[in-house]
Amino acid sequence: MNIDSVNDSNIAAKNEPTNQQNSGDNNQEDLYPLALLMDELKHDDVANRVDAMKKLDTIAIALGPERTREELIPFLTEVAQDDEDEVFAVLADELGKFVPFVGGAKFATILLPALEILASTEETLVREKAVDSLNIVSKDLSADQILDEFIPLMEHLATAEWFSSKVSSCGLFKSVVVRVKDDTLRKNLLALYLQLVQDDTPMVRRAAAKHLPNLVDLLTENPNLATAEDWDYISTMFQKIFNDTQDSVKFLAVDCLISILKYFNIKNDNTHLKDLLESAIKLITDEAWRVRYMAADKFSILASQFKGNQSYINELVSPFLSLCEDNESDVRKAIAEQVPGFATLLKDSPTIVLTKIIPAVQNLSIDENETVRASLALKVTNLVSIMTKEQAIENLLPILLNMLKDEFPEVRLNIIANLKAVNEVIGIDMLSDSLLPAITELANDVNWRVRLAIIEYIPVLAEHLGVQFFNQQLSDFCLSWLWDTVFSIRQAAVNNLTKLTKIFGPDWCRDEIISRLLKFDSQLLENFIYRFTLLSALTALVPVISTDAVTEQVLPFVKHLADDAVPNIRFNVAKSYAVIVEALTKKDKQTYLSLIQESIMPSLDKLNKDDDNDVKFFAKQSLDKCSNLLK
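No experiment lies behind these values; they were computed from the predicted model shown.

Caption draft 1: Representation of the overall build of the chain. Looking only at helices and strands, the chain has 36 helices and zero strands in total. Relative to the 2.2 N^0.38 estimate, which gives 25 Å for 631 residues, the radius of gyration of the chain is 33 Å and therefore markedly larger than a compact globule would have. Taken along its principal axes, the extent of the C-alpha atoms in the chain is 85 × 85 × 40 Å. By residue count, 53% of the 631 residues in the chain fall in the buried class. Of the contacts formed within the chain by residues at least 6 apart in sequence, a portion of 68% connects residues at least 24 apart. Here the chain contributes 62 positively and 94 negatively charged side chains, and the mean placements of these two sets differ by 5 Å.

The structure is reproduced here in structure tokens:
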């Protein structure tokens, strides 16, 4: 029966008790909207059809498994052949969740025809969602269902005329390759995949190359499953990708190589290692920059696959240095971030690190491209972990000091953000002379996003520098940010003070922050923004400071602002009162009960009768909250 025939009468007639999970007794009334939703699937407006598709689960639950199989799924299969991509994308996504709605795994294959159609469309997003849903559905299929229905679907897609079907088929092999226990059938599947790897269309070859690492990883997880013949196919696939004439295919050979190396390492099979090393070096030095970029981006993980043989690691030093000097800035940027990871593999060869790796780092640190320098700054501090203190001071410290003076803010920010490793080995004092000017420049940068970034790094620095250094050199910055012209900076500065209090303790906050804030120039406080910021800062600190500081320092200031001429100040005072009461009652309700009742509640009552509606609204909210806290 076509779903177009659904109407009030047949819904009521066919409604069985087992299909009424949410319907109750009023079946006709509850299912009437479902008929409307089904009509919307044929609506002229795409937006309506998309919304209807998003409610498919509701329809399926109400119809029940049998009617979903007999009416809804055939209708959706028709829709999958004639609609807009927006509708197809939602349908492809929804069908992956439909196994429970059609009656469980036993009937799951009824979803395959619609998904096969969607997996053959030209729109990439639709195909990807259809493939994801097919892989999800396959998990619920039995071995017989995989053999009789899912594999034929894959074969049909893989041998279709259009490239789109073949591309989709590449993403399905991972769902069956390890579930197939018959060696002959698995060999046939790999032979089919090899055809895709050798397809005339670059898009198909690229998809096959992209998904090959997944297949290899699955065989790695099941090392006793694959036969020697299987690996002959895998090896042939890798060679085809490795020698592909299209850069967009060949660069994927790097991931394939990494997965293959992992497999042989798991098997403790070193017989192919020398050949695979040669393949790695060829990819690293390939004439196509995209291939070199991928090799550079994955260099550490690629090199780590050879860590069982130090001589092989040493053979990678020269290719590594060539990437550091590559003509393409994107390649240099990628390899700059890999420096510490590769250097760690050379920790047993300190001479190589000091005589070859460090000079390369020096060159990268003064690279003409700022993004290369910023990329290096992200990880370069980790080099100290493989050096002695003396080596780090002599070889690495000058590079870091120079990068702290870099004209590009992101370089300085990245160094500052990753100083923990340096502090643990050589101490932060060695950097302090260059660190302070760098922080000063960043703190006053014309770009507010740069100022925001350095604020977020201050708590990290505070932990490394210690309270004494911080009080002498950085506390003024933290307070000055409260008066920045950009609201986001002021807000971040308030949050920063809270984080610092958690690090240095409430006593530090009372003596170094609150006392200084309350001594702020009274003339400047005539500005509304300054009063608002000060109120916000003190309120934010209430939960992390001592109750004595709250009652003796914060509360008097807040109460003073209760009579402020600006309504925004007054209603923020009302909100602040609630925070103060919560902090005091949480600490010791009985001790502060009289203070709250005699000082705070009367002030809130007064604000509750304010002429301004916003003030009254927030005062009422705070009164209710305080009353509940006092119960």
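So much for the structure itself; the text now carries on.
Caption draft 2: Quick look at the state of the cysteines. Applying the stated criterion across every chain, the model contains zero disulfides. Not engaged in a disulfide, the cysteine Cys-509 finds its nearest cysteine sulfur in Cys-478; these two sulfurs lie 11 Å apart.

Caption draft 3: Representation of the pattern of salt bridges within the structure. Counted according to the given criterion, the structure contains 25 salt bridges. Arg-186 is the partner of Asp-230 in a salt bridge, and the nearest nitrogen-oxygen pair spans 2.9 Å. Here Asp-230 is found in helix 12 (residues 228-242), whereas its partner Arg-186 is found in helix 10 (residues 183-197), with 44 residues between them in sequence. The same class applies to Asp-230 and to Arg-186, which are both buried. Salt-bridge contacts for Lys-298 lead to Asp-255; the nearest nitrogen and oxygen are separated by 2.6 Å. Taken together, the residues Lys-298 in the loop between helix 16 (289-297) and helix 17 (299-304) and Asp-255 in helix 14 (residues 253-266) connect sequence positions 43 residues apart. Note on Lys-298: relative accessible area 23%, which makes it partly exposed. Classification of Asp-255 by relative accessible area gives partly exposed; the value is 22%. Linked by salt bridges that have partners in common, Asp-183, Arg-186 and Asp-230 make up one network.

Caption draft 4: Structural context of a negative patch on the surface. Together, Asp-82, Glu-84, Asp-85, Glu-86, Asp-93, Glu-122, Glu-123, Glu-128 and Asp-132 make up a negatively charged patch on the protein surface. Those elements giving two or more residues to the negative patch turn out to be helix 5 (85-95) and helix 7 (124-138). In terms of residue count, the dominant contributor to the negative patch is helix 5 (three residues). Mapping Asp-93 onto the fold places it in helix 5.

Caption draft 5: Quick peek at the packing of helix 12 against helix 14. Where helix 12 contacts helix 14, the two axes come as close as 9 Å, and the packing angle between them is 150°. One element, helix 12, and the other, helix 14, form an angle in the roughly antiparallel class. The chirality of how helix 12 crosses helix 14 is left-handed. Within the contact between the two elements, helix 12 uses Trp-231, Ile-234, Phe-238, Ile-241 and Phe-242 and helix 14 uses Ala-253, Cys-256, Leu-257, Ile-260 and Tyr-263.

Caption draft 6: Region of the structure containing unusual backbone geometry. Even without being a glycine, Asn-268 presents a positive backbone phi close to 55°. Here Asn-268 lies in the loop between helix 14 and helix 15 (273-284).

Caption draft 7: Up close: the environment of Ser-248. Position of Ser-248 among the secondary structure elements: in helix 13 (residues 247-250). Residues Ser-248 and Met-203 lie 45 residues apart in sequence; the distance between their C-alpha atoms is 8.9 Å.

Caption draft 8: Examining the packing of helix 19 (residues 317-324) against helix 22 (residues 350-365) more closely. Two elements in contact, helix 19 and helix 22, have axes separated by 10 Å at closest approach and are oriented at 15°. The orientation of helix 19 with respect to helix 22, classified from their angle, is roughly parallel. Pair helix 19 / helix 22 crosses with left-handed handedness. Mapping the contact onto sequence places Val-317, Phe-320, Leu-321 and Cys-324 in helix 19 and Ile-352, Lys-356, Ile-357, Ala-360 and Leu-364 in helix 22. Of the residues that constitute the contact of helix 19 with helix 22, the class distribution is eight nonpolar, no polar and one charged.

About the criteria used
Residues numbered from 1 in each chain as written. Predicted model: local features only at pLDDT ≥ 70, side-chain atom pairs only at ≥ 80, totals over all residues. Heavy atoms only, no water. Helix = DSSP H or I, 4+ residues; strand = E, 2+ residues; numbered from the N terminus. Rg over C-alpha atoms; globule rule 2.2 N^0.38 Å. Buried < 20%, exposed > 50% of the residue type's maximum accessible area, 1.4 Å probe, protein only. Contact = heavy atoms within 4.5 Å. Lys, Arg positive; Asp, Glu negative; His and termini not counted. Charge placed at Lys NZ, Arg CZ, Asp CG, Glu CD. Disulfide = S-S within 2.5 Å. Salt bridge = Lys/Arg side-chain N within 4 Å of Asp/Glu carboxyl O. Patch = residues over 30% accessible without salt bridge, like charges linked within 9 Å, V, L, I, M, F, W, Y side chains within 5 Å. Areas by Shrake-Rupley, 256 points an atom, 1.4 Å probe, with all protein chains shown as cover. Axes fitted to C-alpha atoms, helices over the stretch in contact; angles between N-to-C directions. Parallel < 35°, antiparallel > 145°, perpendicular 65-115°, else oblique. Left-handed = near helix turned anticlockwise from the far one by under 90°. Nonpolar A, V, L, I, M, F, W, Y, C, P; charged D, E, K, R; others polar.

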